[in-house]
Structure formats: C-alpha cells, structure tokens
Amino acid sequence: MKRRKPRDLVLFLLTWVCVGVTALVLLTVVGYILFNGVPYIRPSLFAWEYTAQNKSLMPALVGTLMIVGLALALAVPLGVFSAIYLVEYARRGSRFVKVVRLTTETLAGIPSIVYGLFGFIFFGVFLGWGLSLMSGSFTVSIMILPLIMRTTEESLKSVPDTYREGSFGLGAGRLRTVARIVLPAAIPGILAGIILATGRIVGETAAIIFTLGNVARMPNHLFDTGRTLSAHMYALANEGTHAGEAHATAAVLLLVVIILNAVSSKIARIIKAN
C-alpha cells in the first residue's frame, strides 16, 4: 500500500474534519427543530380556519405552496430561456452578454427587504394590486430570477461542445440541438438551481410581509392577502407566548422543503434516465 505524504495526509484529515463538522451542524439544526417542534404538532394546527385558540398553520401552508408555484411559474421559463439565449445564441464575449451577467450578479446581491420595498411600491401601489398573492409572487420571482439564470447558464456551459458539434454534423439545427441534446444533459443542474430557488422562496420573510402581508387567513383568490409559513413562524415567535407552535411550524416547514427537494430530485433522475 502506497504511503501518503505528510501534506496529503493533512489535507485528507482536514477534508474529513470539514465534512464531519458540516454533517454535525446539519444534524444539530434538524434535530433541534424536530425535538422542539414534533411534540407540539397536533390536529388543531391543521384546521382550515385560523383562530386565536388553534393557531392553525394551514392557511400559511396553502399560501406558501401558492407563492412557490406562482413564483416558479413566472421565473423558471424566463430564467431558463434567457440563459439559453446567452449561452447558445448570443455571441460569446459580446458586450451585451457581459452587461446582462453583470446585471444578474448585481440583482443577486440585493437584500431581500429592498425587493420587498420595490414590490410594495411597484406592484402594490403603482399597479394597484395591494398586499396580495400576485404582488408577493411577482416580487419573489424577480428575486430568484438571477439564481435560476446563473445556475442554468453554468449547467449549459458544462455540456461539452462535442455534443453540439456531433449534432450539427448529423444535420440537426440549433433549435433541435438545444432541445434534444443540450437541455437533457443540463437538466440536473437546472433543477438544482430550481431547488435552491424554492428554498429561498420558502424561507423568505421580509419581502413576503411587504407584498403579501401577514394576515392569517385562507386566500380566496390571487389578489387576496395571506401568510406564508416563514411569516407565520415569525409572527408566533414574535408574540413570545406561542414558542411551541412556532417550533411546530418550523418542523412542518422543514418537512415541506424536504418533500419539495425529494420530488425535484426524482424528476431529475427520471428525465436523465430517459
């Protein structure tokens, strides 16, 4: 057996220490949430109507799913097609591509509360949508758009050019090459970006409160106000007398994120297999 050099051994041990610390932190956070939240999960928390007695999270859960669905429906097509244009159609290294990438990176670094203020002024006041699901969805879709664009762009860049050259050599056009060759190879990376974007939507609070409001009721239509799980958890924790329900909401929120990630990963494996 070949002996490791001292430097290689140090790097090997350092890598495993970092892996162990990361896993320990993850297990500690998840364990803390479940330990403090699961005992407070009871049927009344899932009542359809919120009252001061049951502190139901069902309106917030429905609001979260609606915000996630609407925001992804707006941001994913726009972000993916924009990235396809930048990588596959625009001239590489052009000034336009550089400006778009600089703008995307700048938007990615803007604090979420600034997005919330913009959404409130533009969608809520200027367009007259008020505090509503539409205002919240459009705001967070703008917020996650840079993330989806960048991850999609990097996924498309990771596809070898030999794939494209082989397709062109067989007589396929650019559109068919992108749709049948490049995109299937880049799907896992694109879905990874969508998963990250979903996590950011689910965990967002400031921008949601500015645009959706923080009303604990079931939304009846797209221009109705509501609440998300993160805002619901913030409101309960801020009251100071419902820490158990806040921990239970955190546990349910963690479960929702795990389910969404598992479904997205399953879809990625199915697409890759086909």
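This is a predicted model, so every value here is computed, not measured. (Residues numbered from 1 in each chain as written. Predicted model: local features only at pLDDT ≥ 70, side-chain atom pairs only at ≥ 80, totals over all residues. Heavy atoms only, no water.)

On to the domain arrangement of the protein. Here the domain parsing of the protein yields domain 1 (6-39) and domain 2 (41-273). Contacts between the two partners involve eight residues from domain 1 and, on the opposite side, six residues from domain 2. Both faces considered, domain 1 and domain 2 share a buried interface measuring about 560 Å² in area, 69% of it formed by carbon and sulfur atoms. If you look at where domain 1 meets domain 2, you find zero salt bridges. Inspection of the domain 1/domain 2 interface yields two residue pairs in polar contact (both at pLDDT 80 or more). (Domains from an automatic or database assignment. Contact = heavy atoms within 4.5 Å. Buried area = accessible area lost by both parts, 1.4 Å probe. Salt bridge = Lys/Arg side-chain N within 4 Å of Asp/Glu carboxyl O. Polar contact = N/O pair within 3.5 Å; in protein donor to acceptor, adjacent residues only side chain to side chain.)

Okay, the side chain of Ser-141 next. Topologically, Ser-141 is positioned in helix H5 (residues 133-158). Apart from the residues within four sequence positions on either side, Ser-141 is in contact with Ala-71, Leu-74 and Ala-75. (Helix = DSSP H or I, 4+ residues; strand = E, 2+ residues; numbered from the N terminus.)

With that settled, consider the side chain of Thr-151. In this fold, Thr-151 is placed in helix H5. Residue Thr-151 is classed as buried on the basis of its relative accessible area of 17%. Setting aside chain neighbours within four positions, we find Thr-151 in contact with Gly-189 and Gly-193. (Buried < 20%, exposed > 50% of the residue type's maximum accessible area, 1.4 Å probe, protein only.)

Turning our attention to the environment of Phe-168. Looking at the element boundaries, Phe-168 is found in helix H6 (residues 161-169). Distance in space between the C-alpha atoms of Phe-168 and Ala-52 is 64 Å, their sequence separation being 116 residues. Dropping the residues within four chain positions of it, Phe-168 is found in contact with Gly-173, Arg-174 and Thr-177.

It is at 9 Å that the axes of helix H2 (residues 58-89) and helix H7 (residues 174-203) come closest, and there the two elements cross at 140°. Taken as axis vectors, H2 and H7 run oblique relative to one another. Crossing geometry of H2 relative to H7 is assigned as right-handed. Of the residues in H7, those touching H2 at Thr-64, Ile-67, Val-68, Ala-71, Leu-72, Val-76, Val-80, Ile-84, Glu-88 and Tyr-89 are Arg-174, Leu-175, Val-178, Val-182, Leu-183, Ile-190, Ile-194, Thr-198, Ile-201 and Val-202. Along the lines of polarity and charge, the residues of the contact of H2 with H7 split into 16 nonpolar, two polar and two charged. (Axes fitted to C-alpha atoms, helices over the stretch in contact; angles between N-to-C directions. Parallel < 35°, antiparallel > 145°, perpendicular 65-115°, else oblique. Left-handed = near helix turned anticlockwise from the far one by under 90°. Nonpolar A, V, L, I, M, F, W, Y, C, P; charged D, E, K, R; others polar.)

By the secondary structure assignment, Val-25 is in helix H1 (residues 6-37). Val-25 sits 24 residues away from Glu-49 along the chain, and the two C-alpha atoms are 36 Å apart.

The next thing to look at is the packing of aromatic side chains. Here the structure, examined in full by the defined rule, presents 10 aromatic pairs. Measuring from centroid to centroid gives 5.5 Å for Phe-123 and Trp-129, while their planes differ by 15°, and the two rings are stacked. Ring pairing ties together the aromatic residues Phe-118, Phe-122, Phe-123, Phe-126, Trp-129, Phe-138 and Phe-223, which thus form one cluster. The ring of Tyr-89 has Arg-174 lying over it, and the distance from NZ or CZ to the ring centre is 5.9 Å. (Phe/Tyr/Trp six-rings, centres within 6.5 Å; stacked < 30°, edge-to-face > 60°. Lys NZ or Arg CZ within 6 Å of the ring centre and 35° of its normal.)

With that out of the way, let us pick up a nonpolar patch on the surface. A surface patch of nonpolar side chains, about 660 Å² in accessible area, is lined by Ile-113, Val-114, Leu-117, Phe-120, Ile-121, Val-125, Leu-131 and Phe-210. Of all the elements, helix H4 (residues 112-126) adds the most residues to the nonpolar patch, at six residues. Inspection of the secondary structure puts Phe-120 in helix H4. (Patch = residues over 30% accessible without salt bridge, like charges linked within 9 Å, V, L, I, M, F, W, Y side chains within 5 Å. Areas by Shrake-Rupley, 256 points an atom, 1.4 Å probe, with all protein chains shown as cover.)

Before going further, it helps to examine the nonpolar core. One finds Ile-67, Leu-72, Ile-144, Ile-148, Leu-156, Ile-201 and Leu-229 to be the most contacted residues of the largest nonpolar core, which totals 42 residues. With 14 residues, H2 is the single largest residue contributor to this core. Excluding its chain neighbours within four sequence positions, the residues that come into contact with Ile-144 are Ala-71, Leu-72, Ala-75, Ala-197 and Ile-201. With six residues, the next largest nonpolar core counts Leu-86, Ala-90, Val-97 and Val-100 among its residues. (Core = buried A, V, L, I, M, F, W, Y, C linked by side-chain atoms within 4.5 Å.)

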